[in-house]
Amino acid sequence: MAIFTRLGIVLLAMLAATPAFSASSLSQLSLTDAVSAAEQRQSGNGRIEGSTPYQSSNWLAAIPSIGISYLASDENQGTDETELSVSLPIKSGAGRKYDKQLRQLAVNIQDTEAQRRRLYLSGLVRESLWSHRIAQARKQFSEKKITLLEELLERQQALFEARSASRYSLLLIQQEITDAQILQQSFDWEAEAWRQRFKALTGIATIPEDIIEAALEGQPNYNQHPQLHLLDLRWRRQQAVIAAGSESSTPWTVAFTAKQLDNPQFDENQYGMAVEIPISTINISSESSRADWQEASRSYWQSRDELQLKLKQAWDSLNGEADHLLRQQALLDESARISQQLVIESRSLLDENELAREIWVRRLLNDIDKQADAAINKLQIGQNLAMKRQATGIPL
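Parameters and conventions
Counting restarts for each chain, with residues numbered from 1 along the sequence as it is written. Only residues with pLDDT of at least 70 are given local features in this predicted model, and only at 80 or more are side-chain atom pairs given and counted; all residues enter the totals for whole chains, interfaces and linings. To get the side-chain values, take all heavy atoms of the structure and skip hydrogens and water. Helix and strand definitions here come from DSSP, where helices need a minimum of 4 consecutive H or I residues and strands a minimum of 2 consecutive E residues; each element is numbered from the N-terminal end. Under the scheme applied here, a residue whose accessible area is under 20% of the maximum for its type counts as buried, over 50% as exposed, and between as partly exposed, the area being computed with a 1.4 Å probe on protein chains only. Two residues form a contact once any of their heavy atoms are found within 4.5 Å. For this analysis, a salt bridge means a side-chain nitrogen from Lys or Arg found within 4 Å of a carboxyl oxygen belonging to Asp or Glu. Paired strands are those between which DSSP finds at least two bridges. Lines fitted to the C-alpha atoms define the axes, with helices restricted to the stretch that makes contact. Angles between their N-to-C directions range from 0 to 180 degrees. A helix is expected to span 1.5 Å for every residue after the first.

A.B. asks: Residues and numbers for the overall build of the protein chain, please.
C.D. replies: Summing up its helical and strand segments, the protein chain has 8 helices and 4 strands in all. Reading the secondary structure of the protein chain in the N-to-C direction produces α-α-α-β-β-α-α-α-β-β-α-α. Put simply, the protein chain has 396 residues, and 34% of those count as buried. Excluding contacts between residues fewer than 6 apart, the proportion of contacts in the protein chain whose partners are at least 24 apart in sequence is 80%.

Written out as structure tokens, the structure reads:
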């Protein structure tokens, strides 16, 4: 099933670059599909392919050794000795236990690292989508301002040609159109830059339409955050590595020996086996193992405290920003409503003198700015929610 999912994502990214493919179908792309496409596209970046150069044994603690000795007698009737021995360092029960822990921790770390990577890519997707949406909204309000001003320019041009208005009003509107076009071009460039960043990240050129995420309930559980979970797993692995190298995991030694005795009176062959078992019930460790554990423990708790504080500060900051944006939204909506009423009330100034016309044009442009502020703030509320989910470790 996972293979078909990856193939589907690759096919989707390929179709995104095909002109014949319907853009409307791609616009229905979900956030989960987008980040999955990013995972597939970025899968080769920074990875070292191939198996590990180190292979472990289930039973051998180290490389076996062979010993050969020959002792020649200086007596005429003496005995010469030839000895061959093979020593096998066998893992103790404690050693096999820590090996099993390390293998399981390696799997858990790999899974958690995949979650951390998906969360990281989710943050990049969220940033590009919401930044594009905000830039696009600003661009649309600039285009609305330009359209309105161009209509006013046509009317003012007719009045100027009929000698019913001076060139001042005409130049005023032309100046406002130019200023609006400058902003519109800037916002258009910004929106396109974020779209290109999203395309480079996911391989998909079309921006999804629905980017709103569900609201969070309650306080975040930082222990489930992939970064914190990964830190905990690495500390457990480091503990297991230190324990596996300590005296409590000293391997057993099994030696097989063959000896030949060569004497003028007789020849004799001897065979035997020796087993050396450390008494692991006595809990004695070297000072180096103790120092390694203490240093690793201090480093872990320091890193954990710093990371947890960083995550909490990010959450608190986003919570404060959310409260500010919600209160501001109510004020901006009220300001936009009043601005619309002012435009209606000031419409009669259009047929008055030059100064009255300028006041009316300014009021009209100010109304569009008020509507834009309210709309942009609403988008920023959605962006804040997405970043809160990111801060709590929830991927797309």
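A.B. asks: Now, about the pattern of salt bridges: what can you tell me, with residues and values included?
C.D. replies: Using the criterion set out here, one finds 15 salt bridges in the structure. A salt bridge links R126 to E213, with the shortest nitrogen-to-oxygen separation between them at 2.9 Å. Here E213 lies in the loop between α5 (167-202) and α6 (226-244) and R126 lies in helix α4 (residues 93-161), a separation of 87 residues in the sequence. Residue classification places E213 among the buried positions, given a relative accessible area of 11%. The residue E176 makes a salt bridge to R362 at a minimum N-O spacing of 2.1 Å. Taken as a pair, E176 in helix α5 and R362 in helix α8 (residues 354-391) lie far apart in primary sequence, 186 residues in all. Assessed through its relative accessible area of 11%, E176 is described here as buried. One salt-bridge network, in which partners are shared between bridges, spans E113, R116 and R234.

A.B. asks: Talk me through the sheet that holds strand β1 (residues 65-71); I want residue IDs and the actual numbers.
C.D. replies: Note on sheets: strands pair through backbone hydrogen bonds, and any given pair is parallel or antiparallel. Pairing is antiparallel in the open sheet, where 4 strands are placed in the order β1-β2-β3-β4. Unpaired on one side and paired on the other, β1 and β4 (267-276) mark the two borders of the sheet. Looking at each pair of strands side by side, their axes are set apart by 15° on average, direction ignored. Bridge count for strand β2 (residues 80-90) against strand β3 (residues 252-262) is 11 bridges, and the pairing is antiparallel. Opposite S87, over in β3, you have A255 as the bridge partner.

A.B. asks: Please provide a residue-by-residue account of α5, values included.
C.D. replies: A rise of 1.5 Å per residue sets the reference length of α5, with its 36 residues, at 52 Å; its end C-alpha atoms lie 52 Å apart and thus fit the reference within 8%. Backbone geometry just downstream of α5 places G203 in the positive-phi region, at approximately 85°.

A.B. asks: Quick rundown of the pairing of β3? Include the residues and the values.
C.D. replies: Alignment of β3 against β4, held across 10 bridges, turns out to be antiparallel. Its bridge partner being in β4, V254 is matched across the sheet by V275. Hairpin connection from β3 to β4: 4 residues lie between these consecutive antiparallel strands.

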